[in-house]
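Summary of structural features
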Amino acid sequence: MLTEGQDAATDGLRAEMEELRAERDELRDRFMRALADAENARKRSERDRKEAENYGGSKLSRDMLPVFDNLRRALDSVTDEQRESSKALIEGVELTMRELVNVFARHGIRTISPAIGDKFDPAEHEAMFEAPVPGTKKGEIIQVMADGFILHDRLLRAAQVGVSSTPAE
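Let me sum up the structure you'll find in this document. (Residues numbered from 1 in each chain as written. Predicted model: local features only at pLDDT ≥ 70, side-chain atom pairs only at ≥ 80, totals over all residues. Heavy atoms only, no water.)

This paragraph deals with the packing of aromatic side chains. When we look at a pair of aromatic rings, we describe it by the centre distance and by the angle of the planes. Throughout the structure, instances matching the rule amount to 3 aromatic pairs. Joined through ring pairs, the aromatic side chains of Phe 68, Phe 104 and Phe 149 make up one cluster. Its end group placed over the ring of Tyr 55, Arg 154 keeps NZ or CZ at 3.8 Å from the ring centre. (Phe/Tyr/Trp six-rings, centres within 6.5 Å; stacked < 30°, edge-to-face > 60°. Lys NZ or Arg CZ within 6 Å of the ring centre and 35° of its normal.)

Here it is, written out as structure tokens:
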């Protein structure tokens, strides 16, 4: 049988054990939370790094689109006569255009080139005007003013198109 002094000492040890267990549980909980916070920070940092890598150049890319447009307009305006008389110049502009398209492709930029008769898609096309055109259906593309561009999965610029407003008969 335990004496009164031993009984008090045992109770004191039990109370101290309970305090230590509670402190251990609290420290374990804080450690697990800190570990989870560190893992979340690592994932967030990785996501931010990938986003910066993929989309960091989007402003420069957007600024290069008028260069593409101007080269395209220059090539579209060349007549057969000009092509024969200025063959080297035209070939140089075509090579420059191809290189620009290759650079775009290396950096994840794809061209949206709708064709006349395609269905208007507001996610990729910007309607510059609507006009009733016989022989077309409402919502069909009737004219393409400028190609659009996508950087990886983000729209840089919508393709600029004219859309038919011919009502269904």
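There is more to say after this.
With that settled, the discussion passes to the packing of helix H2 (residues 58-76) against helix H4 (residues 87-106). Packed helices, taken two at a time, are described by their axes: the angle between them and the distance between them. Where H2 contacts H4, the axes come no closer than 10 Å and their chain directions differ by 145 degrees. Note that H2 runs across H4; the crossing there is left-handed. Across the interface between the two elements, Met 64, Leu 65, Val 67, Phe 68, Leu 71, Arg 72 and Leu 75 from H2 touch Ile 90, Val 93, Glu 94, Thr 96, Met 97, Leu 100, Val 101 and Phe 104 from H4. Taken together, the residues that form the contact of H2 with H4 break down as 12 nonpolar, 1 polar and 2 charged. (Axes fitted to C-alpha atoms, helices over the stretch in contact; angles between N-to-C directions. Helix = DSSP H or I, 4+ residues; strand = E, 2+ residues; numbered from the N terminus. Left-handed = near helix turned anticlockwise from the far one by under 90°. Contact = heavy atoms within 4.5 Å. Nonpolar A, V, L, I, M, F, W, Y, C, P; charged D, E, K, R; others polar.)

A separate point is the pattern of salt bridges. One pass over the structure, following the stated rule, counts 14 salt bridges. With a closest N to O distance of 3.7 Å, Glu 26 and Arg 30 form a salt bridge. On the criterion of helical spacing, the pair formed by Glu 26 and Arg 30 is a turn pair, its members being 4 residues apart in helix H1 (residues 4-55). Assessed through its relative accessible area of 52%, Arg 30 is described here as exposed. A salt bridge links Arg 106 to Glu 99; its shortest N-O distance comes to 3.8 Å. For Arg 106, a relative accessible area of 58% corresponds to the exposed category. (Salt bridge = Lys/Arg side-chain N within 4 Å of Asp/Glu carboxyl O. Buried < 20%, exposed > 50% of the residue type's maximum accessible area, 1.4 Å probe, protein only.)

Here the focus is the sheet that holds strand S3 (residues 141-146). Strand order in the open sheet made by the 3 strands is S2-S6-S3, with mixed pairing throughout. Of all the strands in the sheet, the pair left with one neighbour each is strand S2 (125-131) and S3. Neighbour to neighbour, the strand axes of the sheet diverge by 25 degrees on average, direction disregarded. Note: S2 against strand S6 (residues 159-164), 6 bridges, orientation parallel. Each residue of the ladder has a partner; that of Glu 130, found in S6, is Val 163. (Pairing = 2+ DSSP bridges.)

All right, on to H4 then. With 20 residues, H4 extends 28 Å from end C-alpha to end C-alpha; this agrees with the ideal 28 Å at 1.5 Å per step. Against the buried residues of H4 lie H2, helix H3 (80-85), strand S1 (109-112) and strand S4 (148-151). Remark: Gly 108 follows H4 within two positions and exhibits a positive phi of approximately 85 degrees. (Expected span 1.5 Å × (residues − 1).)

Position of His 152 relative to the elements: it lies in the loop between S4 and strand S5 (154-157). The exposure class assigned to His 152 is partly exposed, which follows from its relative accessible area of 32%. Distance from His 152 to Ala 105, taken between C-alpha atoms, is 9.7 Å for residues 47 residues apart in sequence. Among residues more than four places away in sequence, those in contact with His 152 are Asn 54, Tyr 55, His 107, Gly 108 and Arg 110.

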